[in-house]
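Survey of secondary and tertiary structure
Each chain, letter by letter, is given below.
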Amino acid sequence: MTKRVILAAVAILLVIASAYASFYIAPTERTMGVIQRIFYFHVASAWAGFSAFLICFVGNLFYVWKRKQQYDWLGVSGAEVGLAFTTVVLITGPIWAHPVWGIWWTWDARLTSTFVLWLLYVSYLLLRTLVEEPDRRALLSSLFGIFAFIDVPLVFGAIRWWRTQHPQPVIMGGPGSGLDPTMKAVFFFSAFAMHVLMVSLIVERYALEKMQTEADFLAREVEVQ
Amino acid sequence: MSLLSNTAVLLGKELRTEFRSRELLTTTVVFILVVLILFSFAISPTSEESREFGPGLLWLAILFAASLMLQPCFLREQSNDTLSSLRLAVSDPFSIFLAKLAANTLFLLVTEVLMLPLFAVFYNIPILPELHYLLLVLFLGSLGISIAGTALSAISAQARMRELLLPLLLLPLLTPVLVVSATVSVALLDRQPIVQWKGIAFLGVFDLVFLTALWLFSEYLLEE
């Protein structure tokens with residue numbers, strides 16, 4: 001319990017520090033101006049979200065293999081936290097795109113794949129609500145989670161090679177491409193902060209799922225008696 | 001090869017079940033027909049536009065039809081609990097999937113071949129010049145839809161609200177198939193047709209990836 005509180009406190013402090021760094025330490029970008037600062041938040045959230053989905057995938061694989069409910073808890077925690085971060089990405093993206101590209105949305109590979117990814121994990125959580133029995137729910141959603149994760153590179157490839165008409169946008173060429181050293185440092189610090197936040201949220205969600213399972217178990221015992 | 005002989009027997013069973021009633025085929029054909037007509041009402045394309053949008057609409061119609069057609073694939077086995085008998089009868093549950101996905105691919109292809117002439121007429125697109133390539137794309141695309149769809153229908157059959165759930169699980173998963181097969185078909189039906197081998201190869205890769213995943217996990221998908 002205390003460990004969780006400390007982790008959460010560290011995560012919050014790191015996020016505050018990264019917000020400070022991205023507003024006051026990182027230099028203003030020459031062509032885009034102040035709006036570029038959203039990147040420290042946007043790209044860092046995207047990375048943290050993908051890591052969370054990776055954690056979900058690992059949980060799914062291990063559940064199918066080992067059949068321990070702990071892995072199912074890890075799976076659902078990863079999916080929910082990943083979905084939260086991806087939602088942040090999908091909201092901050094258009095906020096940046098509108099002043100810079102002049103449009104809210106474009107069918108660019110990265111945007112669209114993130115959106116499809118988001119849809120896949122919404123379906124994953126939806127599937128979980130529609131299966132009553134815990135073991136069955138864990139197995140079925142794990143299998144779907146595995147299929148969904150395998151699909152992600154295919155979605156990205158398909159959209160990148162057949163749907164992106166324009167060359168890669170200015171900044172999206174990768175955060176490492178020709179970035180000012182201070183910007184780079186601030187960016188990696190933000191990515192680190194977001195990852196700590198992501199881990200802390202997953203730990204919290206995992207504990208919640210564990211409690212929920214125990215409560216369900218107790219409720220059933222009372223019913224039987 | 002017990003896998004192949006089992007699959008062949010099971011495929012025979014799937015085909016017999018369907019061709020006794022022909023329920024699935026008739027409803028799917030009518031469904032695609034209705035969707036294609038509704039699309040042309042909704043956008044009333046000129047002949048240039050329909051070259052550009054037509055193939056995409058065709059694939060969208062196929063995708064919707066497939067997500068309905070794949071529903072009964074495992075539900076059918078539930079009413080008399082025949083799935084447990086099937087599981088007992090074969091050593092490798094992958095053969096059950098293989099038979100079902102072969103049957104589904106075949107049903108989809110039959111529907112598409114019946115629909116193609118009507119599509120050509122309604123949308124005023126000559127399909128004959130590149131027909132063999134178009135059939136190849138239709139085959140690879142339908143195979144991909146059937147592989148992913150058969151796997152997911154085994155999942156959705158065990159949940160509540162299964163009729164709604166299958167399209168919700170399946171359609172986002174099939175985004176790559178839709179994107180690639182629609183683009184390849186547009187290029188094939190253009191005034192100067194181009195065969196995009198890269199796209200055709202991509203569809204093959206999609207099929208292979210999901211077939212491998214299905215092979216690895218088929219045992220767990222049918223667990224009691």
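Structure report, in brief. Not measured: the values here are computed from a predicted model.

Across its full length, chain A carries 6 helices and 0 strands. Taken over the C-alpha atoms alone, chain A extends approximately 70 × 45 × 25 Å along its principal axes. Buried positions account for 46% of the 225 residues belonging to chain A. Taking the intrachain contacts of chain A between residues at least 6 apart in sequence as the baseline, contacts between residues at least 24 apart amount to 80%. Carbon and sulfur atoms provide 69% of the accessible area of chain A, an area that totals close to 11,500 Å². Taking the average place of the 17 positive charges on the side chains of chain A and the average place of its 15 negative ones, the gap between the two points comes to 9 Å.

Check the secondary structure of chain B and you find 10 helices and 0 strands. Going residue by residue from the N terminus, the α and β elements of chain B occur as α-α-α-α-α-α-α-α-α-α. The C-alpha radius of gyration of chain B comes to 18 Å, within 12% of the 17 Å expected for a compact globule of 224 residues. With the C-alpha coordinates of chain B rotated into their principal frame, the extents come out at 55 × 30 × 30 Å. In chain B, which comprises 224 residues, the proportion classed as buried is 52%. Across chain B, the fraction of contacts at a sequence separation of at least 24, relative to all contacts at a separation of at least 6, is 81%.

Turning next to the pattern of salt bridges. All names here are of chain B. Under the defined criterion, the tally for this structure stands at 11 salt bridges over all chains. Of the charged contacts, one joins Glu18 and Arg76 as a salt bridge, the two residues approaching to 3.9 Å between their closest N and O atoms. With a gap of 58 residues between them, Glu18 in helix α1 (residues 2-21) and Arg76 in the loop between α4 (72-75) and α5 (82-89) connect regions that are remote in the sequence. Classification of Arg76 as partly exposed rests on a relative accessible area of 29%.

In this structure, Tyr121(A), Phe144(A), Ile145(B), Leu152(B) and Ile155(B) are the most contacted members of the largest nonpolar core, which totals 108 residues. Ranked by residue count, the leading element in this core is helix α6 (residues 94-123) of chain B, at 15 residues. Ignoring any residue separated from it by four or fewer positions in sequence, one finds Ile155(B) in contact with Leu127(A), Leu140(A), Leu143(A), Phe144(A), Leu169(B) and Leu221(B). With 12 residues, the next largest nonpolar core counts Tyr40(A), Val43(A), Met183(A) and Phe187(A) among its residues.

A common way to report how large an interface is uses the accessible area buried once the components associate. Contacts between chain A and chain B engage 31 residues on the former and 31 residues on the latter. In this assembly, chain A packs against chain B so that about 2,900 Å² is buried in total across both faces, 76% of it on carbon and sulfur atoms. On the chain A side of the contact with chain B, Leu130(A), Phe147(A) and Trp162(A) bury the most area, a combined 27% of that side's loss. Inspection of the region where chain A meets chain B yields 2 salt bridges.

All names here are of chain A. Interaxial distance between helix α2 (residues 39-66) and helix α4 (residues 109-129) falls to 12 Å at its minimum, and their mutual angle equals 40°. As judged from the angle between their axes, α2 and α4 are oblique. Handedness of the crossing formed by α2 with α4: left-handed. For the pair α2 and α4, the contacting residues are Phe50, Phe53, Cys56 and Asn60 in the first and Thr114, Leu117, Tyr121 and Tyr124 in the second. For the contact of α2 with α4, the class distribution of residues is 6 nonpolar, 2 polar and no charged.

Thresholds, definitions, all that
- Residues numbered from 1 in each chain as written.
- Chains lettered and ligands numbered in written order.
- Predicted model: local features only at pLDDT ≥ 70, side-chain atom pairs only at ≥ 80, totals over all residues.
- Heavy atoms only, no water.
- Helix = DSSP H or I, 4+ residues; strand = E, 2+ residues; numbered from the N terminus.
- Buried < 20%, exposed > 50% of the residue type's maximum accessible area, 1.4 Å probe, protein only.
- Contact = heavy atoms within 4.5 Å.
- Areas by Shrake-Rupley, 256 points an atom, 1.4 Å probe, with all protein chains shown as cover.
- Lys, Arg positive; Asp, Glu negative; His and termini not counted.
- Charge placed at Lys NZ, Arg CZ, Asp CG, Glu CD.
- Rg over C-alpha atoms; globule rule 2.2 N^0.38 Å.
- Salt bridge = Lys/Arg side-chain N within 4 Å of Asp/Glu carboxyl O.
- Core = buried A, V, L, I, M, F, W, Y, C linked by side-chain atoms within 4.5 Å.
- Buried area = accessible area lost by both parts, 1.4 Å probe.
- Axes fitted to C-alpha atoms, helices over the stretch in contact; angles between N-to-C directions.
- Parallel < 35°, antiparallel > 145°, perpendicular 65-115°, else oblique.
- Left-handed = near helix turned anticlockwise from the far one by under 90°.
- Nonpolar A, V, L, I, M, F, W, Y, C, P; charged D, E, K, R; others polar.

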